[in-house]
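# A closer look at the structure
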Amino acid sequence: MDDLIQELFENAVYHREEHQCGAHPYKHGQKLFELTKGINPKNILEIGVGVGYSTICMALAAPDAEITSIEYKPDHIELASKNYFENGINNRVNLILADAREYLPKIKNTFDLIFFDAYDVKNKFLIEINRLSKPGDHLINANIWNRSTAEKKYLKNLLLSWELLEEFDDTIVLKKFS
């Protein structure tokens, strides 16, 4: 599995460099795989898809999970779709072309695992993250740099409803309070 995850990561890095886009591939794919496997979710929400690398990591770790992935760039949707097909997970991924800020309020169900890998100001998403999860569900939040006032506020508000389980590099792993 390590080799496949590394290859997927390298392909995502190549895409970013080739297209000079802002889709930074999540650099902890093996850790994401292990966390997802341990959580064993049945329903995953991914906010920020890029070319689908992190989606594939989670799908391989949770073979029974259905995944809803939201991405706002059409070229990334196209590449992610191709990558899902090539890795045999296309039948389990609902890939949505939309701005998550506009689409999340339309979702009615909850998710066992939310993987938030977007660079946007996260406070805009906090209400929806809380609404789309129930006690005991997990949130893996990437790109937490704790630099800006807005991000510090987001973390403070997040920890009102979520227990911090693990923190590494730019990622926090949380479980929603019961």
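You'll find the structure just up there.
Residues numbered from 1 in each chain as written. Predicted model: local features only at pLDDT ≥ 70, side-chain atom pairs only at ≥ 80, totals over all residues. Heavy atoms only, no water.

Attention shifts here to the nonpolar core. Tyr-26, Leu-32, Tyr-53, Tyr-84, Leu-95, Phe-115 and Ile-140 are the most contacted members of the largest nonpolar core, which totals 32 residues. Among the elements that make up this core, the one with the highest residue count is helix H3 (residues 53-61) (6 residues). Not counting residues up to four positions away in its chain, the partners in contact with Phe-115 are Tyr-26, Leu-32, Leu-45, Glu-46, Ile-47, Ser-54, Met-58, Ile-140 and Ala-142. (Core = buried A, V, L, I, M, F, W, Y, C linked by side-chain atoms within 4.5 Å. Buried < 20%, exposed > 50% of the residue type's maximum accessible area, 1.4 Å probe, protein only. Helix = DSSP H or I, 4+ residues; strand = E, 2+ residues; numbered from the N terminus. Contact = heavy atoms within 4.5 Å.)

Another aspect to go through is the sheet that holds strand S6 (residues 162-168). Pairing is mixed across the open sheet formed by 7 strands, whose spatial order is S3-S2-S1-S4-S5-S7-S6. At either end of the open sheet lies a strand with only one pairing partner, and these are strand S3 (93-97) and S6. Here the strands of the sheet are splayed against their neighbours by 15° on average, with no regard to which way each runs. Where strand S1 (residues 43-47) and strand S4 (residues 113-116) come together, 4 bridges link them in parallel fashion. Each bridged residue has a counterpart across the sheet, and for Glu-46 the counterpart in S4 is Phe-115. Sitting on the sheet, H3 touches S1, strand S2 (66-71), S3 and S4, and the angle it makes with S1 is about 165°. Most of the contacts of helix H6 (residues 123-131) go to S4, to which it runs at about 165°, and overall it touches S1, S4, strand S5 (138-141), S6 and strand S7 (171-176). (Pairing = 2+ DSSP bridges. Axes fitted to C-alpha atoms, helices over the stretch in contact; angles between N-to-C directions.)

Time to look at unusual backbone geometry. A positive phi angle is found at Asn-40, which is not glycine, with a value near 55°. Within the secondary structure layout, Asn-40 lies in the loop between helix H2 (29-39) and S1. The backbone of Asp-169 sits at a positive phi, close to 45°, despite the residue not being glycine. Tracing the backbone shows Asp-169 in the loop between S6 and S7. Classification of Asp-169 by relative accessible area gives partly exposed; the value is 48%.

The next point concerns the environment of Lys-153. Along the polypeptide, Lys-153 turns up in helix H7 (residues 149-158). A residue is classified by how much of its surface remains accessible, and Lys-153, at 52% relative accessible area, is exposed. As for Lys-153 and Asn-123, which are separated by 30 residues in sequence, their C-alpha atoms are 7.6 Å apart.

Viewed as axis vectors pointing N to C, H6 and H7 meet at an angle of 20°, and their least axial separation amounts to 9 Å. Comparing the axis directions of H6 and H7 gives the class roughly parallel. Here H6 and H7 pass one another in a crossing that is right-handed. Of H7, the residues touching H6 (which contributes Asn-123, Leu-126 and Ile-129) are Ala-150, Lys-153, Tyr-154, Asn-157 and Leu-158. Classifying every residue of the contact of H6 with H7 gives 5 nonpolar, 2 polar and 1 charged. (Parallel < 35°, antiparallel > 145°, perpendicular 65-115°, else oblique. Left-handed = near helix turned anticlockwise from the far one by under 90°. Nonpolar A, V, L, I, M, F, W, Y, C, P; charged D, E, K, R; others polar.)

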